[in-house]
Amino acid sequence: MRLFTARRARFIALCLLPGVVFVALFTYYPMIRGTVIAFQRYNLFDITSTPFVGLENFRAVLSEDRFWTALRNTGTWVVVSLFFQFFLGFGLALLLRRHFRGRGLYQAWVFFPWAMSGFLIGLLWRWMFNGQFGVINDLLLKTGLIDQRIGFLATPGWAMTSVIVANIWYGVTFFAIMIMAALQSVPKELYEAAAVDGASRLRQFWHVTLPHIRPTLALIVLLRIIWILNFPDLIYSMTGGGPAGGTDIITTFLIQQVIGGDYGRAGAVGLLILGLLLSFSVFYLNATRFEKSR
């Protein structure tokens, strides 16, 4: 029996080994290496000298006006995108939960954007918002809403609005999928009991549906906040953070540090992002802790 147990343990260990090695090489090693680099003067154009400089990279990053601009833009990017994604996704989920002819086809069309890459979606919307021959300018001109073309991606205010619109279009699908799945878990008996008690559709939604799916909503909102903050693909493919840093968020700011060859500052920005996300996650989970007690 001992021999069999030992062989079985070795077999299980061998099966797990490729996954462990993969995660260690592509997740933990880069994380540890990036943390070390954040405390070094590590420039790609001079890798022969990489001395430890303590908090110098952090001081340099925090003293840049562009970093604080990116941080403010990040707040706008996350809050506005999340607000519209959540409520539009919730509405779509409620509509698609109903049984009607062609429901599967509509669901496929709604879920389609989630199958595309963020970079590709950014290129698609970049052409749509093009100031010279973009379809959005054409539609606005034909409907008489504007009398001359707008440089959506060339004006800071319009550029930020444009990337947020594209992100809303992309993220609505996530909420629609997740909330639809949560709605399916609500027992029909609860609705039947509420109907017997004379509850209206609105009261059923408020007192039956919402309390039942609230823990799921809290979780997917947290996940989506983290993903939106860590989603530079769309912005970078649409504007590259421009014009004049008008659409920079902290993750595109990090990419610019990498492209500039300053890996030390890039590592510092990465740790600041990690600290920001961890702090927010702890605060958010504590704020929604009451869900577990219900």
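Conventions adopted
Residues numbered from 1 in each chain as written. Predicted model: local features only at pLDDT ≥ 70, side-chain atom pairs only at ≥ 80, totals over all residues. Heavy atoms only, no water. Helix = DSSP H or I, 4+ residues; strand = E, 2+ residues; numbered from the N terminus. Buried < 20%, exposed > 50% of the residue type's maximum accessible area, 1.4 Å probe, protein only. Contact = heavy atoms within 4.5 Å. Areas by Shrake-Rupley, 256 points an atom, 1.4 Å probe, with all protein chains shown as cover. Expected span 1.5 Å × (residues − 1). Arc of directions from axis to C-beta. Polar contact = N/O pair within 3.5 Å; in protein donor to acceptor, adjacent residues only side chain to side chain. UniProt positions renumbered as here; feature names shortened; annotations may be inferred. Domains from an automatic or database assignment. Buried area = accessible area lost by both parts, 1.4 Å probe. Salt bridge = Lys/Arg side-chain N within 4 Å of Asp/Glu carboxyl O. Nonpolar A, V, L, I, M, F, W, Y, C, P; charged D, E, K, R; others polar. Phe/Tyr/Trp six-rings, centres within 6.5 Å; stacked < 30°, edge-to-face > 60°. Core = buried A, V, L, I, M, F, W, Y, C linked by side-chain atoms within 4.5 Å.

**With respect to the overall build of the protein chain**
Then comes step 1: Across its full length, the protein chain holds twelve helices and zero strands.
Then comes step 2: When its helices and strands are written in sequence order, the protein chain yields α-α-α-α-α-α-α-α-α-α-α-α.
Then comes step 3: Along the longest, intermediate and shortest principal axes, the C-alpha atoms of the protein chain span 85 × 75 × 35 Å.
Then comes step 4: Scored against the burial criterion, the 294 residues of the protein chain give a buried share of 37%.
Then comes step 5: Within the protein chain, counting contacts between residues at least 6 apart in sequence, those at least 24 apart form 66% of the total.
Then comes step 6: Put simply, the protein chain shows about 17,800 Å² of open surface, and 68% of that area lies on carbon and sulfur atoms.

**Structural notes on helix H12 (residues 263-287)**
Then comes step 1: The first and last C-alpha atoms of H12 sit 36 Å apart over 25 residues, in line with the 36 Å expected at 1.5 Å per residue.
Then comes step 2: Listed in full, the buried residues belonging to H12 are Gly264, Ala266, Gly267, Ala268, Val269, Ile273, Leu277, Ser281 and Tyr284.

**A closer look at helix H4 (residues 103-111)**
Then comes step 1: Along H4, the residues that are buried comprise Arg103, Gln107 and Val110. Projected down its long axis, H4 shows its buried positions confined to an angular sector of 65°, all on one face. For H4, the exposed residues set more than 90 degrees away from the buried face come down to Leu105 and Trp109.
Then comes step 2: Looking at the buried residues of H4, the elements they touch are helix H3 (65-97) and helix H7 (156-184).

**Regarding the side chain of arginine 224**
Then comes step 1: One can find arginine 224 in helix H9 (residues 201-229).
Then comes step 2: Polar contacts involving the side chain of arginine 224 include one to the side chain of glutamine 85, which spans 2.9 Å.
Then comes step 3: Excluding residues within four positions of it along the chain, arginine 224 makes contact with Leu82, Gln85, Trp114, Asn167, Tyr170, Gly171, Phe174 and Phe175.

**Notes on the UniProt feature "domain: ABC transmembrane type-1" (unreviewed entry) in the protein chain**
Then comes step 1: According to UniProt, the positions carrying the feature "domain: ABC transmembrane type-1" (unreviewed entry) are residues 71-284.
Then comes step 2: For residues 71-284, helix accounts for 75% and strand for 0%, while the C-alpha atoms at its two ends are 19 Å apart.

**Observations concerning the UniProt feature "transmembrane region" (unreviewed entry) in the protein chain**
Then comes step 1: Under the local residue numbering, the UniProt record ascribes the feature "transmembrane region" (unreviewed entry) to residues 12-32, 75-96, 108-128, 158-183, 204-229 and 266-285.
Then comes step 2: The span residues 204-229 carries 100% helix and 0% strand; its end-to-end C-alpha distance comes to 34 Å.

**Focus on the domain arrangement of the protein chain**
Interfaces are often sized by the amount of accessible area the parts lose when they come together.
Then comes step 1: In terms of domains, the protein chain is made up of domain 1 (27-63 + 261-293) and domain 2 (73-248).
Then comes step 2: The centre of domain 1, based on its C-alpha atoms, is set 30 Å off from the matching centre of domain 2.
Then comes step 3: Taken together, the nine residues of domain 1 in the interface contact ten residues of domain 2.
Then comes step 4: Together domain 1 and domain 2 conceal approximately 780 Å² of surface at their shared face, both sides included; 79% is due to carbon and sulfur atoms.
Then comes step 5: Here domain 1 is connected to domain 2 by zero salt bridges.
Then comes step 6: Counting across the interface, domain 1 meets domain 2 through one residue pair in polar contact (both at pLDDT 80 or more).
Then comes step 7: Its residues assigned to classes, the side of domain 1 that touches domain 2 shows six nonpolar, two polar and one charged.

**Describing the packing of aromatic side chains**
Then comes step 1: The tally for this structure, following the rule as stated, stands at 20 aromatic pairs.
Then comes step 2: For the ring pair tyrosine 42 and tyrosine 263, a centre distance of 5.9 Å and an interplane angle of 5° mean the geometry is stacked. Linking tyrosine 42 in the loop between helix H1 (2-37) and helix H2 (56-62) with tyrosine 263 in helix H12, this pair joins segments that are 221 residues apart in sequence.
Then comes step 3: By relative accessible area, which is 28% here, tyrosine 263 ends up partly exposed.
Then comes step 4: Aromatic pair phenylalanine 86 and phenylalanine 90: ring centres 5.7 Å apart, planes at 85°, arrangement edge-to-face.

**Structural notes on the nonpolar core**
Then comes step 1: Membership of the largest hydrophobic core comes to 62 residues, with the highest contact counts inside it found for Trp77, Val163, Phe175, Ile179, Leu217, Leu234 and Met238.
Then comes step 2: In terms of residue count, the dominant contributor to this core is H7 (14 residues).
Then comes step 3: Residues lining this core come from more than one domain, with at least three contributed by each of domain 1 (27-63 + 261-293) and domain 2 (73-248).
Then comes step 4: Residues within four places of phenylalanine 175 in sequence aside, it is in contact with Leu82, Gln85, Phe86, Gly89, Met180, Ile220, Val221 and Arg224.

**Quick notes on the pattern of salt bridges**
Then comes step 1: Under the criterion given, the structure shown has five salt bridges.
Then comes step 2: Ionic pairing is found between glutamate 56 and arginine 41, a salt bridge with its closest N-O pair at 3.3 Å. Taken together, the residues span a long stretch of sequence, with glutamate 56 in helix H2 and arginine 41 in the loop between H1 and H2 at a distance of 15 residues.
Then comes step 3: Of the residues examined, arginine 41 reaches a relative accessible area of 43% and is grouped as partly exposed.
Then comes step 4: The partner of arginine 149 in a salt bridge is aspartate 138, with the nearest N and O atoms 2.8 Å apart. Of the two residues, arginine 149 sits in the loop between helix H6 (135-142) and H7 while aspartate 138 sits in helix H6, which places them eleven residues apart along the sequence.

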